[in-house]
Amino acid sequence: MIEKIEIKKTLKAGKNIWEEGTILDRKDGPFPSDILEEVRLNRGTVEVIERSEGISIGDIPKIVVDNSNPTKVSNIITNSNVEIKSQPVVLRRRKL
Amino acid sequence: MPRGKADIPELRLEVLQNFITQFMSPPDLMLMNLFGSSPSPSSTVKWESMRGGRGMTPFVAPGSPSPRTAPFGIAQHIAEAAYWKEKMYFDEEFLNNLRKEGTEGEYLDSKTRLARELAGLVNRSNRRKEWMFAQMIFNNGFNYMRKGGYMSSVDYQIPSDHRVTLAGNARWGETAANIIGDIRDAKRKVKEDCGGKINYAICNSTVLAMLADDDTIRELLQKNMFGEGNLFGSGGGNDFVEANANVIARLLDIPNIAVYDEMYEIKSWITSTLSGGSSTWVSVQDASDFTAFETVRIHNNTTGAYEDRVILSVDTFTNQLQIEYPTDNSYKAGLDSVAMRKYFVPDNKIVFMSTSIDGEAIAEYKQAPFGLGRQYGLQTDKHEEWDPEGIFIRVRDKGLPILYHRDAIYSIEVATTAAASATSTTTTSSSTTTTTTA
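Residues numbered from 1 in each chain as written. Chains lettered and ligands numbered in written order. Predicted model: local features only at pLDDT ≥ 70, side-chain atom pairs only at ≥ 80, totals over all residues. Heavy atoms only, no water.

### Notes on the side chain of E38 of chain A
Right, so step 1: Here E38 of chain A is to be found in helix α1 (residues 33–41).
Right, so step 2: On the accessibility criterion, E38 of chain A (0% relative accessible area) is buried.
Right, so step 3: Those residues in contact with E38 of chain A, other than ones at most four positions away along the chain, are L11, R43, T45 and V46 of chain A together with L166, A167, G168 and R171 of chain B. (Helix = DSSP H or I, 4+ residues; strand = E, 2+ residues; numbered from the N terminus. Buried < 20%, exposed > 50% of the residue type's maximum accessible area, 1.4 Å probe, protein only. Contact = heavy atoms within 4.5 Å.)

So this is what it looks like as C-alpha cells:
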C-alpha cells in the first residue's frame, strides 16, 4: 500500500496545484485520483517514496456477519472480494 | 597564372565573412530572433534577474526621515558562456576545380558547393544558438561543455509554479481537459506575479492540433457564437494541421500564437559493433545531444537500409544509447551511424510569455569574447594544410541567453508524448557535472 508520494514536477488538474517537492501522506487523507493516475502512468512526475509492507489486521474494517440468515451470509460472500475454495459449511449452520 | 590558395577569391577571409553574414538571420529560426543581443565584457556572464517588482512608496510622517528601500526579488546570476565551433576540410581536388580555367561549369559548381557548405556551417551554428533559447524557455536550462571538458548546467530558475504539468485526466485531449481554463490560469499567474500581459504563446503543430480539436474552442469559434467559422480551410493554416492559429489567438486574446515546427538533427558514428537481435546498448562517438524517449534511426551506410528505435536512456559518460529492443540487423563500428531528429519546441508543451515588462525585454543573448582577437558573434577563419594540400574553414561563436524576468514565462506540459510511454528511467551519469548559477 502507498504511504507517501513525492511530487517531482508541479502538477495541475483544474484549479488544483501540487507544487514540486510536496510530499503527500496517506495519513492526511486519501490520495487525489489525479495523483494516483500519475503513479499508474509512471511518467516521472511523482515518486512513491514509502510503501507499507503488508496490511495489518487493524487496517481492515471489521464486518459483522449475522449467521442467523443463510441468504444474507451468502450475499455478503458473493458481493465481497473473498474467494472460498470449499463450501462455507460453518457459516450456513443454523442457530441451535 | 595564380597557383597559391591566397589567390582564390572565394577563399579570402573577407569573402568568407561575407558569405557568413548573408546567412546571419535565417528566417526559419524564430527564438534567437525574438530577443536582442549585447556584448559581455568577459566570458563569465553576470546578470540580475527579477521576480515581481511592483512596490509602492509608504506613507511617512512629515518631518521624519525617509525609510530606506531596495528593489525586491532581485537575484544575481553568474555563468560561463557556452562555446561552439567546427571546421570543414576542402581538399586540393576541390580547390583545383575552384580555379580551373576554361571549364565554366565546374567552376560554378565549386562556387556553388562552397556557398552551400558555408551556409550549412552557419546554419548549424545558428541552430545551436536557437537550441539554447529553446532549452531556456521550455526546459529552464541546459548542459554544455566548459574548459577542461567539464560539463556545466545553467539553471534559469523559472519558478516551479510557472512550469506546470497537467495531471491525470486534465491533460489536453482527455476527459477532464479544460484548455481555456488552463490558459486563463496562465494569464492570471503571469499578471499577478510580474504585471506582464501574455503576448506570445509558442507551441508546435502537435499542440495546435489539440487546441483546434478541442470541443469547447470549436464551439466558441462557430459562426453563431464568437467566431467567423474560419478556424479551418480559410487560408493561413498550419503546414501540417489545417487549423489557423491566428483564429485561436483572437479567441484567446493572445496577440501572437507562434506555431513553430523547426527541427534539428543529431548524427553520430557507431563506435563498436552492434549485434543484431541481442544488443540494446549502442555505443556512439558523442551521445551528449541525444535525448531519452526520442526515436533514433540506425543507418547501414553501405546498403542505405535503416531501423528506428526509441531511446530509453542516454549515458553521456560512456557515450551509449539504450534502445527499447535490439535491432534486427548488425551494424559496423566506424562505418554505420545513428541520427535523431527533434523539434526545438517539444511535442507536448506550450509556453506563454510576456516578452517585455515595463518596456524591458525579459531575455537577451549575451555575446562573449573569444579567440586571440577577442571577437564577438559568429566568426569564420581558414587554415591551410601543406600535405595533403587543402584548406580548413572554421565557424565559431560564443555566448549565452540570459533571462531577466523569471516569472514572465509560464509553460504547461499538456500531454504525454507517445515515446515517453516506453517505461524506463534515464541514466545520464557524469561525475563532472557542476552548477554555475546562483
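### Observations concerning the interface of chain A and chain B
Right, so step 1: Between chain A and chain B, the residue contacts involve 16 residues of the former and 18 residues of the latter.
Right, so step 2: For the pair chain A and chain B, the two sides together bury roughly 1,400 Å², of which 44% comes from carbon and sulfur.
Right, so step 3: On the chain A side of the contact with chain B, T10, K12 and R43 of chain A bury the most area, a combined 46% of that side's loss.
Right, so step 4: Where chain A touches chain B, the interface holds five salt bridges.
Right, so step 5: Among the ionic pairs, D185 of chain B bridges to K12 of chain A, the shortest N-O distance being 2.8 Å.
Right, so step 6: On the surface where chain A and chain B come into contact, there are eleven residue pairs in polar contact (both at pLDDT 80 or more).
Right, so step 7: Of all the secondary structure elements, the ones that give two or more residues to the side of chain A that touches chain B are β2 (11–13) and α1 of chain A. (Buried area = accessible area lost by both parts, 1.4 Å probe. Salt bridge = Lys/Arg side-chain N within 4 Å of Asp/Glu carboxyl O. Polar contact = N/O pair within 3.5 Å; in protein donor to acceptor, adjacent residues only side chain to side chain.)

### Thoughts on the domain arrangement of chain B
Residues and elements named next belong to chain B.
Right, so step 1: Taken domain by domain, chain B comprises domain 1 (5–51 + 74–157 + 349–436), domain 2 (160–259) and domain 3 (263–343).
Right, so step 2: On the domain 2 side, the residues contacting the 23 residues of domain 1 number 28 residues.
Right, so step 3: Around 2,400 Å² of area is buried between domain 1 and domain 2 when both sides are counted, 65% of it from carbon and sulfur atoms.
Right, so step 4: Area buried by domain 1 at its contact with domain 2 is led by F352, Y410 and V414, which between them contribute 26% of it. (Domains from an automatic or database assignment.)

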